[in-house]
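Chain and residue survey
Residues per chain are reported as follows:
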Amino acid sequence: MGSRTAQNPKAAEWAKANGAKASAGTFADAAKFGDVVFNCTAGSVSLEALKLAGAGNLGGKVLVDVANPLDYSKGMPPTLTLCNTDSLGEQIQRAFPSAKVVKALNTMGNEVMVNPGLLTGEHDTFVCGNDQQAKAEVVEILRSFGWKSPIDLGDITGARGLEMVLPIWLRLLGTLKTRNFNFKVVK
Ligand SMILES: NC(=O)c1ccc[n+]([C@@H]2O[C@H](COP(=O)([O-])OP(=O)(O)OC[C@H]3O[C@@H](n4cnc5c(N)ncnc54)[C@H](OP(=O)(O)O)[C@@H]3O)[C@@H](O)[C@H]2O)c1
């Protein structure tokens, strides 16, 4: 678990609670350690966080981008800092061209991300990215969480739609008064 500071108390607490294989350090420590790296930083500052992680530590690796480019500066609900013709996923891929960016899991609350069984019945998760092998690796990770059939939305420009889901997700949060919900695609 990376952080801006090596001694982040919450990260240390998380590492302590998650067994011998868990550890905490700086973003650079985490990126260096990981074979697969997850970007779970605030979307408005993800590029800065990933710069701290270090291009050299991310190069050649699968970088799963879970972040949403949300701007909370004008209060609730947040707005997207970019959309339609660009996305955070694409910005990250452009800034770190040798990383294999896969957008995934950003369209649901974190409780559901790693535990789809929390909700009754089938519901969906998505991946997109430029590298097929990287997407296949991420799909395997998603399967290990319990996702049966993640939907592949193609190259990293698919991140536009995945990030633009956030306004409706946030609206649903207000209406349903729970974070435990998700989207289902029916053909
Ligand atoms: N929480 C969810 O249910 C959920 C669901 C879907 C997607 N996401 C996305 O996942 C990401 C993480 O969400 P979150 O809820 O865990 O918390 P968050 O508050 O959005 O992000 C916290 C992370 O951002 C880093 N950070 C904050 N300000 C920074 C700065 N100025 N420079 C560099 N790094 C900075 C923090 O580092 P420090 O440790 O140093 O503070 C920490 O790693 C977000 O993009 C969010 O949209 C979250």
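In this report, the structure presented in the accompanying data block is examined. What you see is a predicted model, and the numbers here were worked out from it, not measured in a lab.

As a further point, take the overall build of the protein chain. Within the protein chain, the secondary structure is distributed over nine helices and nine strands. Relative to its length of 187 residues, the protein chain is compact, with a C-alpha radius of gyration of 16 Å against a globular reference of 16 Å. Dimensions along the principal axes, computed over C-alpha positions, put the protein chain at roughly 40 × 40 × 35 Å. Taking all 187 residues of the protein chain together, 41% fall into the buried category.

This part takes up the site of the ligand. The ligand sits among 19 residues. The nearest are Arg 4, Cys 40, Thr 41, Asn 110 and Arg 179. Ser 3 places a side-chain nitrogen or oxygen 3.0 Å from an oxygen atom of the ligand. The separation between an oxygen atom of the ligand and a polar side-chain atom of Asn 110 is 2.8 Å. Protein contacts shield 65% of the accessible area of the ligand, which totals 880 Å² for the unbound molecule. Of the residues belonging to the shell around the ligand, the class tally is nine nonpolar, eight polar and two charged.

Turning next to the packing of aromatic side chains. All chains considered together, the criterion is met by one aromatic pair. Ring geometry for Trp 169 versus Phe 181: centroids 5.2 Å apart, planes at 25 degrees, classification stacked. Taken together, the residues Trp 169 in helix H9 (residues 166-176) and Phe 181 in the segment after H9 connect sequence positions twelve residues apart. The same class applies to Trp 169 as to Phe 181, namely buried.

Okay, the sheet that holds strand S8 (residues 126-129) next. Pairing within the open sheet is mixed, and its five strands lie in the order S3-S4-S7-S8-S9. Here the strands that pair on one side only, and so sit at the sheet edges, are strand S3 (36-39) and strand S9 (151-152). As defined by bridge partners, S8 adjoins S9 across two bridges and the pair is classed as parallel. Bridge pairing in S9 places Val 127 opposite Asp 152.

Here we take up H9. Among all positions in H9, only Leu 166, Trp 169 and Leu 170 are buried. All buried residues of H9 fall inside an arc of 95 degrees around its axis, so they share one side. When the buried face of H9 is taken as reference, the exposed residues oriented beyond 90 degrees from it are Arg 171 and Thr 175. Looking at the buried side of H9, the elements it contacts are strand S5 (70-71), strand S6 (79-80) and helix H8 (159-164). Two residues or fewer past H9, Lys 177 is found with a positive phi of approximately 60 degrees.

Another point: the environment of Gln 91. Here Gln 91 is to be found in helix H5 (residues 88-95). Along the sequence, Gln 91 and Asn 106 sit 15 residues apart, while their C-alpha atoms lie 16 Å from each other. Residue contacts for Gln 91: discarding those within four places in its chain leaves Leu 47, Leu 82 and Asp 86.

Moving on: the pattern of salt bridges. One pass over the full model with this rule turns up eight salt bridges. One salt bridge in this structure joins Asp 65 and Lys 103, with 2.7 Å as the shortest N-O distance. Placement of Asp 65 in strand S4 (residues 62-65) and of Lys 103 in strand S7 (residues 100-104) is noted, with a sequence separation of 38 residues between them. Like Asp 65, the residue Lys 103 is buried in the burial classification. For Glu 163, the salt bridge goes to Lys 103, with nearest N and O atoms at 2.6 Å. You can see Glu 163 sitting in helix H8 and its partner Lys 103 sitting in strand S7, a full 60 residues away along the chain. Exposure class is identical for Glu 163 and Lys 103. Each is buried. A network of salt bridges, in which partner residues are shared, links Asp 65, Lys 103 and Glu 163.

What counts and what doesn't
Residues numbered from 1 in each chain as written. Predicted model: local features only at pLDDT ≥ 70, side-chain atom pairs only at ≥ 80, totals over all residues. Heavy atoms only, no water. Helix = DSSP H or I, 4+ residues; strand = E, 2+ residues; numbered from the N terminus. Rg over C-alpha atoms; globule rule 2.2 N^0.38 Å. Buried < 20%, exposed > 50% of the residue type's maximum accessible area, 1.4 Å probe, protein only. Near = heavy atom within 4 Å. Polar contact = N/O pair within 3.5 Å; in protein donor to acceptor, adjacent residues only side chain to side chain. Areas by Shrake-Rupley, 256 points an atom, 1.4 Å probe, with all protein chains shown as cover. Nonpolar A, V, L, I, M, F, W, Y, C, P; charged D, E, K, R; others polar. Phe/Tyr/Trp six-rings, centres within 6.5 Å; stacked < 30°, edge-to-face > 60°. Pairing = 2+ DSSP bridges. Arc of directions from axis to C-beta. Contact = heavy atoms within 4.5 Å. Salt bridge = Lys/Arg side-chain N within 4 Å of Asp/Glu carboxyl O.

Everything listed here is a matter of coordinates, which is why it stays silent on function.
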